[in-house]
Amino acid sequence: MEVIIQSNAEDGCVLGAKIIAKTVREKPDAVLGLATGRTPERLYRELVRMHREEGLDFSRVTTFNLDEYVGLPPEHRQSYRYFMNEHLFRHINIDLANTHVPAGTAQDLQAECRDYEERITAAGGIDVQLLGLGRNGHIGFNEPTGSLRSRTWIKILSEQTLNDNAAVFGDRDAMPRHAVTMGIGTIMEARQVVLLAFGPAKVRAVMEMIEGPLSAICPGSALQAHPRAIVVLDEASAAGLRYASHYRWVDQNKLAWQRYD
Ligand code: GLP
């Protein structure tokens, strides 16, 4: 894992956007894996700025989102399809036909899961996958103890995740309790992954993900086995790390081509 500690979430999101923009510039028909949640909102604003001011071109880009709530149609304000349209897609020159979010309203959800995997394979696999981190260590909606080799599947959300995301819905009882999510095995096949985690609420999950054992109890820890995993933190989320000074040392001593900023 490459751990990069930025002074705040703003800087972390700008760095994350630079990593994604680098991929798109080097490979104009890149396949991006995208994430939702509060964490990447600022990153998407930066990509929009790069598109408007620097001509970052998404016309040949394909995207696959990590997950979607079961039962929420695309026009539902809390659906992840709605989130992506609002925060990114409608502000850049991407062809909506090339943007994929699992269909949470599919009649046959298991067929949708298989189809989603097939679409990722047909697109040539994911070049860079963006991730956030749940307070319980989840990535996508892969809750603790889910298989580290899982493929796109239906997950039952944990009570903690329902509580954490209830604010967005206004009322926990209004939230779906199930989601379609890429599996951990699916995420691990991305050629590069970039995980963002900011703020004091993520301290424990960050510690377990980076310095705890590789274990299904913390799904994010699977990234320890990924050959190109970048974790971008702020001072607050990095506060519990034993080797924080080492990560800073490494960052200060990178060769020019190893940097993203
Ligand atoms: C959500 C999403 C994840 C996200 C995580 C953290 O439930 N399924 O993809 O990374 O929880 O969310 P936030 O960024 O709002 O803290």
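Since this is a predicted model, take the numbers as computed values, not measurements.

Overview of the layout of surface pockets
Gaps between atoms show up when a probe of the same size as a water molecule is rolled over them. The volume enclosed by the largest pocket comes to roughly 760 Å³. In terms of lining, the largest pocket is formed by 38 residues, of which the most central are T36, G37, R38, T39 and N165. For the lining of the largest pocket, the secondary structure elements donating two or more residues are α1 (9–26), α2 (41–54), β4 (67–69), α3 (80–87) and α5 (159–169). In the lining of the largest pocket, the residues fall into 15 nonpolar, 13 polar and ten charged. In this structure, the second largest pocket encloses a volume near 310 Å³. Along its surface, the second largest pocket is lined by 15 residues, and K22, E26, Q192, R228 and Y260 are the ones closest to its centre. When residues in the lining of the second largest pocket are grouped by element, the largest group, four residues, is from α1.

As for the site of the ligand
Inspection of the region around the ligand gives G37, R38, T39, D67, Y80, G132, L133, H138, G140, F141, N165 and K202 as its neighbouring residues. A distance of 2.8 Å separates an oxygen atom of the ligand from a polar backbone atom of R38. Protein chains bury 94% of the 390 Å² of accessible surface belonging to the ligand in isolation. Mapping the ligand onto the cavity grids shows that it belongs to the largest pocket. Class assignment for the residues of the shell around the ligand results in three nonpolar, six polar and three charged.

Digging into helix α8 (residues 244–252)
Every buried residue belonging to α8 is among A244, Y247 and D251, and all of these are buried. Taken down its axis, α8 places every buried residue within 60 degrees of arc, on the same side. Along α8, exposed side chains directed more than 90 degrees from the buried face belong to S245, W249 and Q252.

Some thoughts on the pairing of strand β6 (residues 128–131)
Alternating residues of β6 divide into V128 and L130 and Q129 and L131, and every residue in both groups is buried. With two bridges joining them, strand β2 (residues 31–34) and β6 adopt parallel strand pairing. Counted as the bridge partner of G33 is Q129 from β6. Examined bridge by bridge, β6 and strand β9 (residues 192–197) share four bridges and lie parallel to one another. In the strand pairing of β9, L130 is matched with V194.

Quick notes on the rules
- Residues numbered from 1 in each chain as written.
- Predicted model: local features only at pLDDT ≥ 70, side-chain atom pairs only at ≥ 80, totals over all residues.
- Heavy atoms only, no water.
- 1 Å grid on protein atoms, 1.4 Å probe; cavity = no way out; pocket = protein on both sides within 12 Å on 5 of 7 lines; lining within 4 Å.
- Points joined across faces, edges and corners; volume = space filled by probe spheres on them.
- Helix = DSSP H or I, 4+ residues; strand = E, 2+ residues; numbered from the N terminus.
- Nonpolar A, V, L, I, M, F, W, Y, C, P; charged D, E, K, R; others polar.
- Near = heavy atom within 4 Å.
- Polar contact = N/O pair within 3.5 Å; in protein donor to acceptor, adjacent residues only side chain to side chain.
- Areas by Shrake-Rupley, 256 points an atom, 1.4 Å probe, with all protein chains shown as cover.
- Sits in = over half its atoms within 2 Å of the grid points.
- Buried < 20%, exposed > 50% of the residue type's maximum accessible area, 1.4 Å probe, protein only.
- Arc of directions from axis to C-beta.
- Pairing = 2+ DSSP bridges.

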